[in-house]
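Below, each chain spelled out in residue letters.
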Amino acid sequence: MSFPWAKHYAPKHPLTRFLDEKLPLPRLVYNAVGAGYPVPRNLNYMYNFGVLAGFCLLLQIVTGVILAMHYAPNSLVAFGSTEHIMRDVNWGWMLRYGHANGASFFFVVVYLHIFRGFFYGSYKAPREMIWLLGVVIFLLMMATAFMGYVLPWGQMSYWGAKVITGLFSAIPLVGEPLQVWLLGGYAPDNAALNRFFSLHFLLPFVIAGVVILHIWALHIPGSTNPTGVEVKSESDTVPFHPYYTAKDGFGLGVFLICYCAFVFFLPNYLGHPDNYIEANALSTPAHIVPEWYFWPFYAILRAFTADIFFIPAKLMGVLAMFSAILVWFFLPWLDNSPVRSGHYRPLFRKFFWFGLIPTMAVLFYCGGAAAEEPYVMLSQVATAYYFLHFLVVLPIVSRIEKPKPLPFSITEAVLGSDNKAVLSENAKSAV
Amino acid sequence: MIRFIGIAAGAFFALSVLWAFVTGAYSAATEPAPETAEHAFHKHPKELHLASDGPFGTWNLEQLQRGYQVYKEVCSACHSLKFVAMRDLEQLGYSEAEVKAEAASWTVPGIDPNTGETTTRPGEPTDYFPSPYPNNVAAAAANNNAIPPDLSLMTKARHDGSAYVYSLLTGFQQQPTELLKKFPSAKTPEGLHYNPYFANLNLAMAPPLTMDGQVTYADGTKATIDQMAQDVSAFLTWTAEPTMPKRKQTGWPVLGFLLFATILAYMAKQQIWSNVKPAKNKQDD
Ligand code: HEM
C-alpha cells in the first residue's frame, strides 16, 4: 500500500509491543501520518490545507458538542438559549463565536484545498476516488452548515431555511409535497428546527467517516506534488514525520492566528446583523442572503431569470446550482490531459488564472449583493463562463494543448539533476 | 462520449443563462427601474466614537450609567431589554445594595400570592427589564401598529449598530422639500415620523429625545440631546454584548501565545528541513 522503501514500524518498548499485537493502533498512526509514510519532498504550502481541514472538523465537533449541552432546539426558546450561551454560560461567547467562525474558516480552508486540486490536477488517475469522496465531503459540509445556521432561529435562519427548502418546490409535480415533507409543515417551524438540529449533530460524524475513506484512498497512490510527476524512487520522498508534521505545525499556527483574530476581534464580521433579530414569520427581511460560503452557488441560482422553453426560470436556477457542484464529480474524465500539474500546461494555466479564478471572484461578490443590476448581469456572464470552463474549455484544452516538457523526476525538479535520469539516458543511447 | 455530453450540457447552461442576460439587458434598457425615495434620500449613519471601539476598547462606566438613566427614564416607556437582568447592573459599577434598590424602583409583572391573580410587584435583581405592554397586540395598538422592538441586541442587529442608534435618535427632521417635489407620493403618512437613517425613511417611533435637559444626570453632565443619544447608544452597545471587553482582553494573550508558538514552529520546521534541499520546483511562471 505504500512505497517499498517506507520505514517499518518496529516497537521496542514492551507496552508498544503488547499493543501492536492486540490492537495495532500505533502502527496505524505510524504508517498513516508517521515516519512510515513517504511523501513527495517538494510539496508547497498549498498542500497544508488537507490537514487544516481535518483540524477544522475536529474544532467544529468539539465546540459543537459543548454548545449542544446548553442549546435548546425549540422554536419558542432557541433564540433565547443562544443568548443564554452568549451571556450566562462560562466562556459561552467564545464557544459560539468559535463555532460560527470555525464554520467560515473550514470553508476557506476547503475552498483552497479544492482549488489546489483544480490547479495541480489532483483529481486525475489514479486519484479519482479521492476526488469523488472529496466532493461528497463538500456536499455534506454545505448541508451541515446550512442546517447549523438555522439553529439560532434568527431572521436569516428562518428566511434562509424558507428560501432554500423552497427551492425543492421548483421540482415539477413532487416539488411542493416534497418541501412540506422536508420541513414537516408548510413553513419552517418547530418540526423543521428539531430535525435540523438532529441532522446538524449527526452529519459531522458522517463527514468524519467519509474523511477516513478519503485519506485511506489517498494513501494508496500517495499525494500528488507541484510537478505532477509521480514518485519514482526514495530520493523523491521524505517521511511524513518529522518533515510534514513540522511543516503542518507551522501552517496550523498561521491558521490559528487568522482564526483567533476573527473570533476575538471581529466575531460578527462574517455574519449578518439580521440574525440577531428573532425569527418572525410575519416580517420578511429586505435582502435574504445565505452565509458567504454559499454565495457563488446562490449567484448561479439567481442568474437564471428567464424561462427556457418549457422549463421555468426557477427550476433552471435550481438545476444549474446543483449541477455547478455535480460537474466536479465528472472532472477526472472531462479533463483527460495526461499532464497533471498546471505548471506544465500553458493553455490550461491561462484559463485557470484568467478564467476560472476571476469568475469565482465575481460569483462570490454577486451572490452576496442585492438582486439588482448590474450584479444580476455580471453573475449571468460569470455563470456562463463557469459552465463553459468545466464542460467545454477543459475537454477541448486537454485535446489541443501542447504541454511543456516534464522533469524526469521530483528529484530532478528539486536538485536540478537525478542520477537515475542520467543512467536511463545512458541506457537509451547504448541501445 | 462523456466529453460530448459534457460539451452539450455546458452549452445548454451557458446559452440559457446568456438568454436570461439578453432578456434582462433588454428590459433594463427599455424600462429602467424607477428611482425610489428610499434610494435617493436614505443616509448612512453618522460617525460615533465610543470608548468600547477598537481592539483595546473597553467600557466607559460613567457613560454607561448615564445611558442606563436615559433608557430608564425615556426608552423604557416603550422598549424592553428582555436579555438583560437587573443584577447585570453591577457590571456598570453599582454596588449590590444599589442594584437591589434600583431593581425595586421597577415594576414587573407578578402573581398575587393570595389570589393567584396576575398583578405587579417591585423588581428584584434577578428580574429582566420588562416590556411596558402586556402583549404585542397592546404594544402595536399603542404605537400606530408598530411593535417597539426589544433593545437588548439592537446594536448588533443593525449595520454599524451603535452609530445607527445614535444617528436614528438625532436624525428626526422635517421631510425635505426636494423629496416631496421629486416623489410626491412619498409623503410621510399620518402618525409616522421622517428619519433619513431609517431604512424606509418613515418610522412609527416619535422622536423620543426632544429637548436638552430631558433627564437630569446624576453625575452633573449637561444633558444635551446629542449627549443623551450618545450615552444611550453606548449603553445599548453594552446590553448587546456585556462580555465584549473580556473577549478582547482574552484575545491579546491568545494571539501573543500563538505568535510565539508559530515562530517556534517555523524555526523547528527550518531546522528539520535543513538537511533536505528546500522544495524549489523548476517552473517558469
Ligand atoms: C472535511 C473536509 C476534508 C478533509 C478533512 C480533507 C483531508 C485531506 C487530507 C488530510 C489530505 C492530504 C493532504 C493534502 O493533500 O492537502 C487530502 C487530500 C486530498 N483532498 Fe481532501 N479533505 C477534505 C475535503 C476535500 C474536498 C471537499 C475535496 C474535493 C472536492 C478534497 C479533495 C482532495 C484530493 C483530490 C486530495 C489528494 C490531493 C493530492 O494529493 O494532490 N478534499 N484531504
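Residues numbered from 1 in each chain as written. Chains lettered and ligands numbered in written order. Predicted model: local features only at pLDDT ≥ 70, side-chain atom pairs only at ≥ 80, totals over all residues. Heavy atoms only, no water.

- In the nomenclature of an unreviewed UniProt entry, chain B corresponds to Cytochrome c1 from the organism Altericroceibacterium indicum.
- Here is the UniProt Subcellular location (unreviewed entry) comment for chain B, exactly as written: "Membrane". (UniProt positions renumbered as here; feature names shortened; annotations may be inferred.)

- Naming follows an unreviewed UniProt entry, where chain A appears as Cytochrome b of Altericroceibacterium indicum.
- Taken verbatim from the UniProt record of chain A, the Subcellular location (unreviewed entry) comment is "Membrane".
- UniProt lists a comment for chain A under the heading Function (unreviewed entry), and it reads "Component of the ubiquinol-cytochrome c reductase complex (complex III or cytochrome b-c1 complex), which is a respiratory chain that generates an electrochemical potential coupled to ATP synthesis."

What about the overall build of chain A?
Part 1 of the reasoning: Check the secondary structure of chain A and you find 16 helices and two strands.
Part 2 of the reasoning: Its C-alpha atoms give chain A a radius of gyration of 24 Å, within 12% of the compact-globule value 22 Å for 431 residues.
Part 3 of the reasoning: Buried residues in chain A amount to 55% of all 431 residues.
Part 4 of the reasoning: Partitioning the contacts of chain A with sequence separation of at least 6, the portion at a separation of at least 24 is 79%.
Part 5 of the reasoning: Separation between the mean location of the 26 positive side-chain charges and that of the 22 negative ones in chain A comes to 10 Å. (Helix = DSSP H or I, 4+ residues; strand = E, 2+ residues; numbered from the N terminus. Rg over C-alpha atoms; globule rule 2.2 N^0.38 Å. Buried < 20%, exposed > 50% of the residue type's maximum accessible area, 1.4 Å probe, protein only. Contact = heavy atoms within 4.5 Å. Lys, Arg positive; Asp, Glu negative; His and termini not counted. Charge placed at Lys NZ, Arg CZ, Asp CG, Glu CD.)

Details of the nonpolar core
Part 1 of the reasoning: One finds Phe107(A), Phe118(A), Phe138(A), Phe297(A), Trp328(A), Tyr386(A) and Phe390(A) to be the most contacted residues of the largest nonpolar core, which totals 127 residues.
Part 2 of the reasoning: It is helix α5 (residues 92-120) of chain A that contributes the most residues to this core, 15 residues altogether.
Part 3 of the reasoning: Both domain 2 (37-286) and domain 3 (289-400) of chain A contribute no fewer than three residues apiece to this core.
Part 4 of the reasoning: Setting aside chain neighbours within four positions, we find Phe118(A) in contact with Tyr123(A), Trp131(A), Trp328(A), Leu331(A), Phe348(A), Phe352(A), Leu356(A) and Phe390(A).
Part 5 of the reasoning: One finds Tyr164(B), Val165(B), Leu168(B) and Leu236(B) within the second-largest nonpolar core, a separate group that totals 42 residues. (Core = buried A, V, L, I, M, F, W, Y, C linked by side-chain atoms within 4.5 Å. Domains from an automatic or database assignment.)

Considering the packing of helix α11 (residues 295-303) of chain A against helix α12 (residues 313-334) of chain A
All names here are of chain A.
Part 1 of the reasoning: Their axes nearest at 7 Å, the elements α11 and α12 cross at an angle of 140°. Here α11 lies oblique to α12, going by the angle between them. Crossing of α11 over α12 shows right-handed handedness. Contacts between α11 and α12 involve Phe-297, Ile-300 and Leu-301 from the former and Gly-317, Val-318, Ala-320, Met-321, Ala-324, Ile-325 and Trp-328 from the latter. (Axes fitted to C-alpha atoms, helices over the stretch in contact; angles between N-to-C directions. Parallel < 35°, antiparallel > 145°, perpendicular 65-115°, else oblique. Left-handed = near helix turned anticlockwise from the far one by under 90°.)

A few points about the packing of aromatic side chains
All names here are of chain A.
Part 1 of the reasoning: In this structure the tally under the stated criterion is 62 aromatic pairs over all chains.
Part 2 of the reasoning: Geometrically, the ring pair formed by Tyr-111 and Phe-138 is edge-to-face, given 5.6 Å between the ring centres and 70° between the ring planes. Taken together, the positions of Tyr-111 in helix α5 and Phe-138 in helix α6 (residues 128-150) put the pair 27 residues apart, joining distant regions of the chain. When sorted by exposure, Tyr-111 lands in the same class as Phe-138, which is buried. (Phe/Tyr/Trp six-rings, centres within 6.5 Å; stacked < 30°, edge-to-face > 60°.)

Things to note about the site of the ligand
Residues and elements named next belong to chain A.
Part 1 of the reasoning: Neighbouring residues of the ligand: 23 residues in total, closest His-113, Ser-122, Gly-134, His-214 and Thr-224.
Part 2 of the reasoning: Within the contact set of the ligand, an oxygen atom lies 3.0 Å away from a side-chain nitrogen or oxygen of Arg-116.
Part 3 of the reasoning: Between His-214 and the ligand, the recorded distance is 2.6 Å, taken from a side-chain N or O atom to a nitrogen atom.
Part 4 of the reasoning: Broken down by secondary-structure element, the contributors of at least two residues to the shell around the ligand are α3 (49-70), α5, α6 and α9 (190-218).
Part 5 of the reasoning: Here the element with the most residues in the shell around the ligand is α6; it accounts for six residues.
Part 6 of the reasoning: Here the shell around the ligand is built from residues that sort into 14 nonpolar, eight polar and one charged. (Near = heavy atom within 4 Å. Polar contact = N/O pair within 3.5 Å; in protein donor to acceptor, adjacent residues only side chain to side chain. Nonpolar A, V, L, I, M, F, W, Y, C, P; charged D, E, K, R; others polar.)

Notes on the pattern of salt bridges
Part 1 of the reasoning: Applying the stated criterion to the full structure yields 16 salt bridges over all chains.
Part 2 of the reasoning: Residue Glu83(A) pairs with Arg87(A) through a salt bridge whose shortest N-O separation is 2.7 Å. Here Arg87(A) and Glu83(A) lie together in helix α4 (residues 78-87), a separation of four residues that amounts to about one turn.
Part 3 of the reasoning: Residue Glu83(A) is classed as buried on the basis of its relative accessible area of 3%.
Part 4 of the reasoning: Accessibility expressed as a relative area gives 16% for Arg87(A), which makes it buried.
Part 5 of the reasoning: Residue Asp231(B) is joined to Arg66(B) by a salt bridge in which the shortest nitrogen-to-oxygen separation is 2.8 Å. Note that Asp231(B) is positioned in helix α8 (residues 225-240) and Arg66(B) in helix α3 (residues 61-73), a separation of 165 residues in sequence. Across the pair, exposure class does not vary: Asp231(B) and Arg66(B) are buried alike. (Salt bridge = Lys/Arg side-chain N within 4 Å of Asp/Glu carboxyl O.)

Some words on helix α13 (residues 346-368) of chain A
Because each turn of an α-helix spans 3.6 residues, side chains separated by three or four positions in sequence point in the same direction.
Residue and element names in this part refer to chain A.
Part 1 of the reasoning: For α13, built from 23 residues, the straight-helix expectation of 33 Å at 1.5 Å per residue is met to within 8% by its first-to-last C-alpha distance of 33 Å.
Part 2 of the reasoning: Its maximal kink placed at Phe-352, α13 deviates by approximately 35°.
Part 3 of the reasoning: Looking at the buried side of α13, the elements it contacts are α5, α11 and α14 (375-400). (Expected span 1.5 Å × (residues − 1). Bend = angle between axes of the 7 residues up to and from the residue.)

A look at the coordination of the iron atom of the ligand
All names here are of chain A.
Part 1 of the reasoning: Bound to the iron atom of the ligand are the protein donor atoms His-113 (NE2) and His-214 (NE2), situated 2.0 to 2.2 Å from the metal.
Part 2 of the reasoning: What the six donor atoms of the iron atom of the ligand show is an angle range of 76 to 178° at the metal, which sorts the shape as octahedral. Of this pair, His-113 sits in helix α5 while His-214 is found in helix α9, placing the two residues 101 residues apart along the sequence. (Donors = N, O, S within 2.8 Å, 3.2 Å for Na, K, Ca; no water. Tetrahedral: all angles 85-135°; square planar, octahedral: opposite > 155°, others 65-115°.)

Focus: the UniProt feature "binding site: a ubiquinone" (unreviewed entry) in chain A
Residues and elements named next belong to chain A.
Part 1 of the reasoning: Mapped onto the present numbering, the UniProt feature "binding site: a ubiquinone" (unreviewed entry) falls on His-219.
Part 2 of the reasoning: Mapped onto the elements, His-219 comes out in the loop between α9 and β2 (237-239).
Part 3 of the reasoning: Residue His-219 is classed as buried on the basis of its relative accessible area of 8%.
Part 4 of the reasoning: A polar contact is formed between the side chain of His-219 and the backbone oxygen of Ala-32, at a distance of 2.7 Å.

Examining the UniProt feature "domain: Cytochrome c" (unreviewed entry) in chain B
Part 1 of the reasoning: UniProt records the feature "domain: Cytochrome c" (unreviewed entry) at residues 62-169 of chain B, using the numbering of this structure.
Part 2 of the reasoning: The distance from the first to the last C-alpha atom of residues 62-169 of chain B is 20 Å, and the span holds 34% helix and 16% strand.

Focus: a nonpolar patch on the surface
All names here are of chain A.
Part 1 of the reasoning: On the surface, Leu-15, Phe-18, Leu-19, Leu-23, Leu-25, Leu-28, Val-29 and Val-33 cluster together to form a nonpolar patch covering roughly 750 Å² of accessible area.
Part 2 of the reasoning: Elements with a minimum of two residues in the nonpolar patch: α1 (14-22) and α2 (25-33).
Part 3 of the reasoning: Relative to the helices and strands, Leu-25 is located in helix α2.
Part 4 of the reasoning: With a relative accessible area of 48%, Leu-25 lands in the partly exposed category. (Patch = residues over 30% accessible without salt bridge, like charges linked within 9 Å, V, L, I, M, F, W, Y side chains within 5 Å. Areas by Shrake-Rupley, 256 points an atom, 1.4 Å probe, with all protein chains shown as cover.)

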